Amino acid sequence: MNQAEYLIIGFGKGGKTLAATLGAKGHTVILFEESPQMYGGTCINVACIPTKALVEQAALSAKLGGNYDERNARYQAAIEKKGVLTGKLRDKNYHKLADNPLIKVIDGKASFVDAHHVLANGVTYEGETIIINTGARPFVPPLPGIPSKNIDVSETLLERKTLPHHLLIVGGGYIGLEFASMFLNFGSEVTMLQVEPTFLAREDEELAQAIEADFAKRGLKLYKSVTTKSFEEKDGIVTTHAVIDGKEVAFTSDEVLIATGRRPNVEGLALEKAGVTLTERGAIAVNEHNQTAVPNIYAVGDVVGGLQFTYISLDDSRIVLSSLLGGKRTNLNRGAVPYSVFIDPAFSRIGLSEKDARAKGEVMIGKLPAMAIPKAGILGQTNGLLKVIVDKASHEILGAHLYCAESYEMINLIKLAMDHHIPYEDLRDQIYTHPTMSEAFNDLFAAVK
Ligand SMILES: Cc1cc2nc3c(=O)[nH]c(=O)nc-3n(C[C@H](O)[C@H](O)[C@H](O)COP(=O)(O)OP(=O)(O)OC[C@H]3O[C@@H](n4cnc5c(N)ncnc54)[C@H](O)[C@@H]3O)c2cc1C
């Protein structure tokens, strides 16, 4: 079968969801994946799932303490356990598609021949509709000394066999912060170099300050306004050369993580042969239906260059299905998008910061320290701060910034309230189970003034 109604390039969240849904509805699908180690995509193999598995194990390890050998043994067990988990998920994902006779999974890197044909392993495949779901890859700045044995990106660091004594992270973004928090919990010394003068500059100032202060207490050595220049590795020790405030500085560590962002995976796709165009930032240009410049070609997930989250790729798949099978979804009607950073405790955010909300009109603010929440005490995670911003006229929630245990669960409730224009008083007066983190909404919204 070299022909199908749908050709899907890439086994990511959006692509696999589209393949499974279209296949279940009786359509023929051919899906191309360049690596059998990536069945199921980035999330389950080298990103969300393995990192969060390690975040959990690291938190347990932190509670146990001990010397390097003990912590290293727990780290190695965690890496092994993570490998078993991702292996199982990869297998499950493969069978979810390949077991449907209408879906064919081809191992191979695909590229366009024209708007209806794709080439993989020297074979040409024809499709009426083509969906690109090729994801993103780490951006590594072209600095002297890279590549080197102990200089990694997030994907390769997840395979490191021994616990680093000292991890240096280049980049102060969310991925860098999750790794910083995780390795601090495993017991490594962690240094972070960020180019920006302000920590978490895009976040609400008060929350960014609270998170920065907690990281400092946990021992993170954070340097701001840093220009990283080059690396040298000798006998397993990497020297990182940088400039801070005009002064040359050198750091040594036995591991370096480059966490300087991710770029859409478009190389080698020969998009020009199909007429698919790119944005100025090198992502695939799409309209509100996730349709490219070519009407029968769609793109979903990180390759589109918007918010890089698994649930956005999933939502993109709903938008494409809406277009293909009928429905009202577009990428303009997603509502506010929440996100979580799995540090310790987790930080979750949706909507506007206080500063941005005040710039738009009159607001009311509610705040609660995490130590006021009984469940936070039970979990032994009493640090943190919760803050909500409410529109003074409509009483609708404009933003929520939750830096506390289990905030990644709580934020989803706020998304629901925001999407359905539920006034803050409903969350304030809601019955919540006890003892839970979400019951904090009683007090948090009661504090709104
Ligand atoms: C360390 C880390 C942690 C993260 N944590 C989270 C998190 O906690 N929560 C969250 O929501 N998001 C998280 N993300 C982001 C999330 O992983 C991505 O947004 C998501 O996986 C993107 O999925 P996708 O559908 O765009 O494609 P991907 O899952 O990236 O899939 C693309 C697939 O296409 C394949 N491919 C590429 N080119 C070709 C080609 N030419 N032919 C055939 N196959 C090809 C690739 O091998 C890959 O399997 C994290 C990312 C990182 C790096």
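Residues numbered from 1 in each chain as written. Predicted model: local features only at pLDDT ≥ 70, side-chain atom pairs only at ≥ 80, totals over all residues. Heavy atoms only, no water.

### A closer look at the nonpolar core
Consideration 1: Ile169, Phe183 and Phe215 are the most contacted members of the largest nonpolar core, which has 34 residues in total.
Consideration 2: Looking at this core, the elements with two or more residues in it are helix H3 (48-64), helix H4 (68-98), strand S9 (166-170), helix H6 (174-186), strand S10 (189-193) and helix H7 (205-218).
Consideration 3: Per element, the largest residue contribution to this core is seven residues, and it comes from H6.
Consideration 4: Ala370, Val390, Met437 and Leu444 belong to the second-largest nonpolar core, a separate cluster that totals 28 residues. (Core = buried A, V, L, I, M, F, W, Y, C linked by side-chain atoms within 4.5 Å. Buried < 20%, exposed > 50% of the residue type's maximum accessible area, 1.4 Å probe, protein only. Helix = DSSP H or I, 4+ residues; strand = E, 2+ residues; numbered from the N terminus.)

### Focus on the sheet that holds strand S12 (residues 226-234)
Consideration 1: Strand order in the open sheet formed by three strands is S12-S13-S14, and the pairing between neighbours is antiparallel. Because the sheet does not close on itself, it has two edges, and the strands there are S12 and strand S14 (247-253). Sheet twist, expressed as the average angle between the axes of neighbouring strands with direction ignored, equals 20°.
Consideration 2: Summarising the sheet, strand S13 (residues 237-244) and S14 pair through seven bridges and their orientation is antiparallel. Among the inter-strand pairings, threonine 240 is bridged to a residue of S14, identified as phenylalanine 251. (Pairing = 2+ DSSP bridges. Axes fitted to C-alpha atoms, helices over the stretch in contact; angles between N-to-C directions.)

### Side note on the site of the ligand
Consideration 1: Around the ligand, the structure places 36 residues, and the nearest of them are Glu33, Thr42, Lys52, Asp302 and Ser313.
Consideration 2: Here a nitrogen atom of the ligand sits 3.1 Å away from a polar atom, N or O, in the main chain of glutamate 34.
Consideration 3: Between threonine 42 and the ligand, the recorded distance is 2.4 Å, taken from a side-chain N or O atom to an oxygen atom.
Consideration 4: Burial of the ligand by the protein amounts to 94% of the accessible area it has alone, namely 1,000 Å².
Consideration 5: The set of elements that each furnish at least two residues to the shell around the ligand consists of helix H1 (13-24), strand S2 (29-33), helix H2 (42-46), H3, H6 and helix H9 (310-325). (Near = heavy atom within 4 Å. Polar contact = N/O pair within 3.5 Å; in protein donor to acceptor, adjacent residues only side chain to side chain. Areas by Shrake-Rupley, 256 points an atom, 1.4 Å probe, with all protein chains shown as cover.)

### A look at the side chain of glutamate 33
Consideration 1: When you line up the elements, glutamate 33 lands in strand S2.
Consideration 2: For the buried glutamate 33, no salt bridge is present, and the opposite-charge side chain at shortest range is lysine 109, 9.2 Å distant.
Consideration 3: If near-sequence neighbours (up to four positions away) are discounted, glutamate 33 is found in contact with Gly10, Phe11, Met38, Tyr39, Ile106, Asp107 and Gly108. (Lys, Arg positive; Asp, Glu negative; His and termini not counted. Salt bridge = Lys/Arg side-chain N within 4 Å of Asp/Glu carboxyl O. Contact = heavy atoms within 4.5 Å.)

### Quick notes on the pattern of salt bridges
Consideration 1: Evaluation of the coordinates by the stated rule reveals 24 salt bridges.
Consideration 2: We note a salt bridge from arginine 428 to aspartate 429, for which the minimum N-O separation is 2.9 Å.
Consideration 3: In this structure aspartate 429 comes out as exposed when scored by relative accessible area, which is 51%.
Consideration 4: Taken together, the shared-partner salt bridges in this structure form one network comprising Asp204, Glu206, Glu354, Arg358, Lys367 and Lys387.

### Overview of the sheet that holds strand S20 (residues 363-369)
Consideration 1: In spatial order, the strands read S18-S19-S22-S21-S20; together these five strands make up an open sheet with antiparallel pairing. In the strand order of this sheet, the two ends are held by strand S18 (339-341) and S20, each with one partner. Taking each pair of neighbouring strands and ignoring which way they run, the sheet shows an average axis angle of 10°.

### So, the packing of H3 against H6
Consideration 1: Following both chains from N to C, one finds H3 and H6 inclined at 35°, their axes separated by 7 Å at the closest point. As H3 packs across H6, the resulting crossing turns out to be left-handed. For the pair H3 and H6, the contacting residues are Thr51, Lys52, Leu54, Val55, Gln57, Ala58, Ala59, Ser61 and Ala62 in the first and Glu178, Phe179, Met182, Asn185 and Phe186 in the second. (Left-handed = near helix turned anticlockwise from the far one by under 90°.)

Function cannot be read off these values alone, since they describe shape.
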